[in-house]
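Report on the structure
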Amino acid sequence: MSVPLEHDYIGDSSMEKTGDVSIITPQQKSTTKFASSLSMNLKATELRLGLPGSESPERDDGSSAELCIGLPSSKSSVSRPKRGFSVAIHGGSGNWVFSPGAGGPDNNFSSPRNNPAAANSEQAPKDGGLPPQSSPATEKKKAQAAGSGAGPASKAQVVGWPPIRSFRKNTMASHPTPKNSDVVEGGDHNPNSGGSASSTSACLYVKVSMDGAPYLRKVDLKTYGGYKDLSLALENMFSCFTIGQCGSHGVAGRDGVSESRLVDILHGSEYVLTYEDKDGDWMLVGDVPWKMFIDSCRRLRIMKSSEAIGLAPRAFEKCKSSN
Amino acid sequence: MDLTPKQSIPAAESTRFPDEVLERVLTLLKSPKDRNAVSLVCKDWYTADSWSRRHVFIGNCYSVSPEIVARRFPRIRSVTLKGKPRFSDFNLVPDNWGADVHSWLLVFASGSPFLEELRLKRMRVTDGSLEFLALNFPNFRALSLLSCDGFSTSGLATVATHCKNLIELDIQENGIEDLSGEWLSCFPDNFSTLEVLNFSNLITDVNTEVLERLVSRCRSLKVLKLNRSSSLDCLHRLLTSAPQLTELGVGSFSQELTPQQHAELKHAFGFCKNLTVLSGFWDATALNLSAVYPACSGLSFLNLSYTALQSQELASLLPHCPCLRRLWVLDSVGDRGLEAVGANCPSLEEIRVFPTDPFDEDMLHTVTESGIVAVSQGCPKLHYILYFCRQMTNAAVATVVRNCPDFTHFRLCIMNPGQPDHTTNQPMDEAFGAVVKTCKKLKRLSISGLLTDLTFKYIGEYAKNLEALSVAFAGSSDLGMQYVMEGCSKLKKLEIRDCPFGNAALLSGLERYESMRSLWMSACNVTVDGCKALARQMPRLNVEVMKEEGSDDCKADKVYVYRTVAGPRRDAPPSVLTFSSL
């Protein structure tokens, strides 16, 4: 490739104006390999979020090396089929355009930086409408990453609209400040809103970290119906981080348990799902009703059970009692 | 043109200044525009400017190469670089698009290792680059990163560790990987030169003792912006030890305080007589807010845009800020709150109203046309407005600009795309027509709502000083864009999304693009062939097309056109095609 000629706005350029137009293509390819390797979904070293003692119905191949994240309030086994990230959006009024999403978790493996943009690509397909001539390709691609399907039936949303920076969007989203107990101030508010307890914000993004994972994720707690949905979604998200810990563990009663796994077996899981509440304390997920949980949860952490000594015994108790 | 080495001028030539004198005179010129003008006068002045230039502002990092900059300005000390198109803030630009600062650092390290200040906006910055910066520029003293991405708190740690003369560390609104607050502890124990510290972007906790010791050591500290997790106790101690602050960003303001604590905090704010800027305030309660009153008498800029205040809370606060010139709030304050602004802020020059919940369809928090009119009635000096709303009328906008004819920046975002005047059901053409007809000094305009080509006709005809235009979901045909390209001779930046402008519109700007910084068009009707035609005719432009997955081969989903003396760039990812006639 030729050295680019220097032009100078002071002098004249001697460039010819005719000539073929060429496309400059860079040397390196993008690292789509990264995304595809993650999607290989290595069954042998699957991370599974399950309840202690339960079995996930899809894992028919009887894979023996499963990581489990235990939830203490287990009453029944997880029976919901594995959820893809399809978006169920139904057209609202007027201009709103239905944007079907497709594709599985692969689309979520975007850049590893903890950038709200990654979260916003999930959040983006929520607002606004499109004039009919705009291409749906833009929002389709973003709609694919929109989190688990049972969101409120809402209008399709346009990427990057309204034009608010990610930082601001995420700051307001993860800490909604609904003033639910407002006295109506002389016509300030819609009189019907009254003292309604429903939060006024449409999404509640919290960070999810997992010990040993190279990057964090963000989930919108509003899109889940309950703890089971959440655990399944997290399972999908973090299944790529095998942590290199093969060998059976997780469910009590399996064969070939190594000594180092014994403690984990007793606890019923390799990992524990915890969250940080409004006061800054780390709590075990599952104790309080779901609504109360999402009101107070600020961030999630998938903690190694070896670190969760203070928390895990309760899981152990419940696991014992349910076995 | 090659730079001649410095030559001394024979004294007999009395028509020329000696270089040294010329350079001394030129150093008194600070504005880049003035400097650029100076460099065009003649070769001697060009040379003198090159040797004496200390600060360079590069509005588009791809318009020039680092080699060219380093060669032309060998003694550069301060660089401001802007990278990605502005719409990358709204996720319209792929993550790996480019604008990596590293190549710049490499060139500067070899040519101008005396670099002291680096200000980046929308650039990609890795931890490796931050480390390189910290280790290779011994005089480095000011780092400002705004809307950048690619780095983590580890990178900040290396800067804190190695930059012995750091005066400014300003980290704002970046896509930063926030691993821990350890970086703050990396400042050496005897380090005391800091004047500006802004880490409001970060989420993880920093060690409050370390922070307090640092603040008490840095007697020249003027600007301190804490992050959300900073507690009010910590704030209280910081205020007591740093009353000289001129700009303060508080942390979260929701902690419950005992009356004693509240009184102490208020007392501490009373020490801060020099405060002109106050920001932060995540989740402020009304009660806590009253603690800041003693510090507000000299306040010129108040940023409350991270807390959903109600109208009454704002109305109670504003009378304490008689000198307020800039105010940023959320729309939770409602029209009532904006009436309070109009009633209490006669010196107000800038107001920005952000949406509390952009996707909330229930309109529980919103401002309307009444709010903006109320502000304009009480604040005749208003010249900058950014207003997110869900309804607007032509008449209201006309009233606003009648009250405040000096607008330089008018950015109106009616959040529902293509929404008409809600009382007349007409397009919003007349609103923006009124703006451009009345506001002769208008430099920046963002339009929204239901708009036909008539809006653009008005803009092209009247907005003769317009430099930046932002358009979304507007226009009826190619004519719209044509009007603007033909009429707005001072246009520098044009960004368009979701408009029915095609190749004819794109090509209508042929004469204009070389005097502009950049053009962005996405989700319009431009095709790849149109882009090729543009590139063929204008060799000094880079024409870049970003393709979306699954779109037709001939469609140019996103187009970014910019002038450059550096030729086509070679670091574009595969999804970005660069058309060039080279």
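In this text the structure is predicted, and so the values were computed from the model without any measurement. The numbers attached to residues start from 1 for each chain and follow its sequence in the written order. All chains are assigned letters beginning at A, and all ligands numbers beginning at 1, according to the order in which they are written. Residue-level local features of this predicted model are given only where pLDDT is at least 70; pairs of side-chain atoms are given and counted only at 80 or more, and the full residue set underlies all totals for whole chains, interfaces and linings. Only hydrogens and water are set aside; all other atoms, that is, all heavy atoms of the structure, feed into the side-chain values.

**Section: the packing of helix H9 (residues 232-241) of chain B against helix H10 (residues 259-271) of chain B**
Residue and element names in this part refer to chain B. How we decide: Axis angles are defined between N-to-C directions and span 0 to 180 degrees, where every axis is a line fitted to C-alpha atoms and, for a helix, only to the segment in contact. For the purposes of this entry, the term helix denotes a DSSP run of H or I that reaches at least four residues, the term strand denotes a run of E that reaches at least two, and both are numbered from the N terminus. Definitions for this section: a left-handed crossing has its near helix turned counterclockwise from the far helix by less than a right angle. A right-handed crossing has that turn clockwise. The criterion used for residue contact is that any of the two residues' heavy atoms lie within 4.5 Å. Polar here means any residue other than Ala, Val, Leu, Ile, Met, Phe, Trp, Tyr, Cys and Pro, which are nonpolar, and Asp, Glu, Lys and Arg, which are charged; Gly is therefore polar.
Where H9 contacts H10, the axes come no closer than 8 Å and their chain directions differ by 35 degrees. Along this stretch, H9 crosses H10, giving a crossing that reads as left-handed. In this structure, H9 uses Leu232, Asp233, Leu235, His236, Leu239 and Thr240 to contact H10, whose residues at the interface are Gln261, Glu264, Leu265, Ala268, Phe269 and Phe271. In terms of residue class, the contact of H9 with H10 is made up of 7 nonpolar, 3 polar and 2 charged.

**As for the environment of valine 375 of chain B**
All names here are of chain B. With respect to the helices and strands, valine 375 occurs in helix H14 (residues 369-378). As for valine 375 and valine 341, which are separated by 34 residues in sequence, their C-alpha atoms are 6.1 Å apart. Beyond its immediate sequence surroundings of up to four residues, valine 375 is in contact with Leu338, Val341, Gly342, Leu348, Ile351 and Leu382.

**Details of unusual backbone geometry**
Glycine aside, residues mostly have negative phi, and peptide bonds are mostly found in the trans state. Note the following rule: Only protein chains enter the accessibility calculation, which uses a 1.4 Å probe. A residue is then buried if its area is under 20% of the maximum for its type, exposed if over 50%, and partly exposed in between.
Looking along the chain, the bond that leaves tryptophan 161 of chain A and enters proline 162 of chain A is cis, with omega of -5 degrees. Take proline 162 of chain A: it is sitting in the loop between helix H3 (137-143) and helix H4 (166-174). Positioned with a positive phi, phenylalanine 281 of chain B is a non-glycine residue whose angle comes to about 60 degrees. By the element assignment, phenylalanine 281 of chain B lies in the loop between strand S11 (277-279) and helix H11 (286-289). Non-glycine residue asparagine 425 of chain B carries a positive phi angle of around 65 degrees. Secondary-structure assignment places asparagine 425 of chain B in the loop between strand S16 (409-414) and helix H16 (429-438). Classification of asparagine 425 of chain B by relative accessible area gives exposed; the value is 57%.

**Brief notes about the packing of helix H1 (residues 19-27) of chain B against helix H3 (residues 43-52) of chain B**
Residue and element names in this part refer to chain B. Running from N to C, H1 and H3 cross one another at 60 degrees; their axes reach a closest spacing of 9 Å. In the crossing of H1 with H3, the sense of the turn from one axis to the other is right-handed. In this structure, H1 contributes Leu22, Glu23, Leu26 and Thr27 to the contact, and H3 contributes Asp44, Trp45, Ala48, Asp49, Trp51 and Ser52. Each residue belonging to the contact of H1 with H3 can be placed in one class, and the counts come to 5 nonpolar, 2 polar and 3 charged.

**Some words on helix H8 (residues 208-217) of chain B**
For an α-helix the count is 3.6 residues per turn, leaving residues at separations of three or four pointing the same way. Within the sequence span of H8 of chain B, burial applies to Val210, Leu211, Glu212, Leu214 and Val215 of chain B. Each element contacted by the buried residues of H8 of chain B is listed here: strand S8 (196-198), strand S9 (223-225) and H9 of chain B.

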